[in-house]
Amino acid sequence: MAPNATDVNGVLFEDDAATPDMALPNLPVQKADNYPKKFVWRNIIAFAYLHLAAIYGGYLFLFSAKWQTDIFAYILYVMSGLGITAGAHRLWAHKSYKAKWPLRLILVFFNTLAFQDSAIDWSRDHRMHHKYSETDADPHNATRGFFFSHIGWLLVRKHPELKKKGKGLDLSDLYADPILCFQKKYYLILMPLCCFIMPTVIPVYFWGETWINAFLVAALFRYAFILNVTWLVNSAAHKWGHKPYDKNIKPSENLSVAIFALGEGFHNYHHTFPWDYKTAELGNNRLNFTTNFINFFAKIGWAYDMKTVSDEIVQKRVNRTGDGSHHLWGWGDKDQPKEEVDAAIRINPKDD
Ligand SMILES: [Zn+2]
Ligand SMILES: [Zn+2]
């Protein structure tokens, strides 16, 4: 187990689990102290400008931009979304599958489009979020309120607990990947090119869009949109929804977030079993675009070694720590329809 194991508040990798159904030995404790907020004015001004410009960009998206620009902005939204979900999140932060270098290169490009810091830094924050979930060492600790977990955490200095415990976090696997190191080293050149310059130049050059429409729609509106979608996983999906897998934690199953976040809103499952590459327990993946994306690359051999959790372990965990909202864990589930029970074929039946 990792250092500081006694105050670890959530499992991160399979090895951290201490019970057969993949939980920690103790119940997680959520808490936040009254650490005074020290504002980072540079970020406050930048995000205020971004959101005002993005609102105008949204207006231009609807009423002024060419249809090609709108489609282009939508494609960039999906690409930058996947750079976070399939890349920084499932591949790098959680190691829930492996990817060959061509796919890693695609994902690093997508990730740079999203401008949420380098994949190494993103993964560091996210590993802290799972390991010290909802304590002062969680970068976007949801016990400090909706606003803090959404955007507020980026507007203030980091909590000293986060800095202290962050030092014990193992990131050697990320630094061993030359593609990730390249992105981190040249981030201040690559990021503006991918996130702002390329999305502005392409619409102007290829279909004669105006500079202002291209910049405000394909760069700023699209960027602010995917940012807020990502943040909703930290805010809304830590607040609203059912907890079929573990009722002792705040992360919840939030369908609306899942739809916009390309499959990342099934957050109670995800915090219970973070190494599952699907981030959800699903019979079909209609609402999990990221899983379909990874499955597609698995078919051509670029994604492999995907980890998932067996039905048996999921059911055990649902029985023990779920809030009773799990759709159906098996025979005897309180939600199992009576007609189904009556119609079931039972061989040598015996009710105890
Ligand atoms: Zn979370
Ligand atoms: Zn995660």
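Everything numeric here is computed off the predicted structure, so don't read it as measured data.

*Asks:* Which parts of the structure should I look at to understand the overall build of the chain?
*Replies:* Summing up its helical and strand segments, the chain has 15 helices and two strands in all. A compact globule built from 352 residues would reach a C-alpha radius of gyration of about 20 Å, and the chain, at 22 Å, matches this within 12%. Seen along its three principal axes, the alpha-carbon backbone of the chain occupies a region of about 75 × 45 × 35 Å. For the chain, with 352 residues in total, the buried portion stands at 45%. Restricting the contact set of the chain to residue pairs at least 6 apart, pairs at least 24 apart contribute 69%.

*Asks:* I'm lost on the UniProt feature "domain: Fatty acid desaturase" (unreviewed entry) in the chain in this one. Help?
*Replies:* According to UniProt, the positions carrying the feature "domain: Fatty acid desaturase" (unreviewed entry) are residues 67–274. Here residues 67–274 runs as 65% helix and 1% strand, with 39 Å between its end C-alpha atoms.

*Asks:* What am I meant to see in the environment of Lys185 here?
*Replies:* With respect to the element layout, Lys185 can be found in helix H8 (residues 178–185). Here Lys185 falls in the exposed class, since 11 other C-beta atoms lie within 10 Å of it. With 22 residues separating them along the chain, Lys185 and Trp207 place their C-alpha atoms 34 Å apart.

*Asks:* How should I be thinking about unusual backbone geometry in this particular structure?
*Replies:* A positive phi angle, close to 50°, is found at Lys95, a residue other than glycine. Looking at where Lys95 falls in the secondary structure, it is placed in the loop between helix H2 (67–93) and strand E1 (98–99). At Thr279, a position not held by glycine, the phi torsion is positive, near 50°. Take Thr279: it is sitting in the loop between helix H12 (267–272) and helix H13 (289–299).

*Asks:* So what exactly am I meant to see when it comes to H13 here?
*Replies:* The set of residues buried in H13 consists of Phe289, Thr290, Thr291, Phe293 and Ile294. Where the residues of H13 are buried, they touch H2 and strand E2 (303–304). One or two steps after H13, the chain reaches Gly301, where phi turns positive at roughly 85°.

*Asks:* What should I look at first to understand the environment of Leu52 in this one?
*Replies:* Take Leu52: it is sitting in helix H1 (residues 41–63). Take Leu52: there are 12 C-beta atoms within 10 Å of it, and that puts it in the exposed class. Remark: the alpha-carbon pair of Leu52 and Ala65, spanning 13 residues in sequence, is separated by 18 Å.

*Asks:* What is the right way to read the nonpolar core from this model?
*Replies:* What tends to happen in soluble globular proteins is that the nonpolar side chains get buried as a cluster. Judged by nonpolar contacts, the single largest core of 71 residues is most densely connected at Ala73, Val217, Phe221 and Leu232. Setting aside residues up to four positions removed in sequence, Ala73 forms contacts with Phe61, Val217, Ala218, Phe221 and Arg222.

*Asks:* What exactly am I supposed to notice about the packing of H2 against helix H3 (residues 101–114) here?
*Replies:* In a packed pair of helices, the relevant descriptors are the angle between the two axes and the axis-to-axis distance. Remark: H2 packs on H3, axes separated minimally by 7 Å, with the N-to-C direction vectors making an angle of 115°. By the angle class used here, H2 and H3 are roughly perpendicular. Here H2 runs over H3; the crossing is left-handed. Contacts from Leu76, Met79, Ser80, Leu82, Gly83, Ile84, Ala86, Gly87, Ala88 and Leu91 in H2 reach Leu107, Val108, Phe110, Asn111, Leu113 and Ala114 in H3. Per-class residue counts for the contact of H2 with H3 are twelve nonpolar, four polar and no charged.

*Asks:* Can you help me understand helix H9 (residues 187–207) in this one?
*Replies:* In an α-helix there are 3.6 residues to a turn, and that puts residues three or four apart on one side. With 21 residues, H9 extends 29 Å between its outermost C-alpha atoms, agreeing within 8% with the 30 Å of an ideal straight helix rising 1.5 Å per residue. Largest kink in H9: about 45°, centred on Ile197, with the proline Pro199 one to four residues after it. Along H9, the residues that are buried comprise Leu190, Met191, Cys194, Cys195, Pro199, Thr200 and Pro203. In the core, the buried residues of H9 are packed alongside H2, H3, H8 and helix H10 (211–234). The first or second residue beyond H9 is Gly208, which carries a positive phi of 65°.

*Asks:* Sorry if this is basic, but what is going on with the UniProt feature "transmembrane region" (unreviewed entry) in the chain here?
*Replies:* Following the UniProt record, the feature "transmembrane region" (unreviewed entry) maps to residues 44–65, 71–89, 186–206 and 212–233 here. Along residues 44–65 one finds 91% helix and 0% strand; the C-alpha atoms at either end are 28 Å apart.

Here is what the cut-offs are and how they apply
- Residues numbered from 1 in each chain as written.
- Chains lettered and ligands numbered in written order.
- Predicted model: local features only at pLDDT ≥ 70, side-chain atom pairs only at ≥ 80, totals over all residues.
- Helix = DSSP H or I, 4+ residues; strand = E, 2+ residues; numbered from the N terminus.
- Rg over C-alpha atoms; globule rule 2.2 N^0.38 Å.
- Buried ≥ 20, exposed ≤ 12 C-beta atoms within 10 Å, placed from the backbone.
- Contact = placed C-beta atoms within 7 Å.
- UniProt positions renumbered as here; feature names shortened; annotations may be inferred.
- Core = buried A, V, L, I, M, F, W, Y, C linked by C-beta atoms within 7 Å.
- Axes fitted to C-alpha atoms, helices over the stretch in contact; angles between N-to-C directions.
- Parallel < 35°, antiparallel > 145°, perpendicular 65-115°, else oblique.
- Left-handed = near helix turned anticlockwise from the far one by under 90°.
- Nonpolar A, V, L, I, M, F, W, Y, C, P; charged D, E, K, R; others polar.
- Expected span 1.5 Å × (residues − 1).
- Bend = angle between axes of the 7 residues up to and from the residue.

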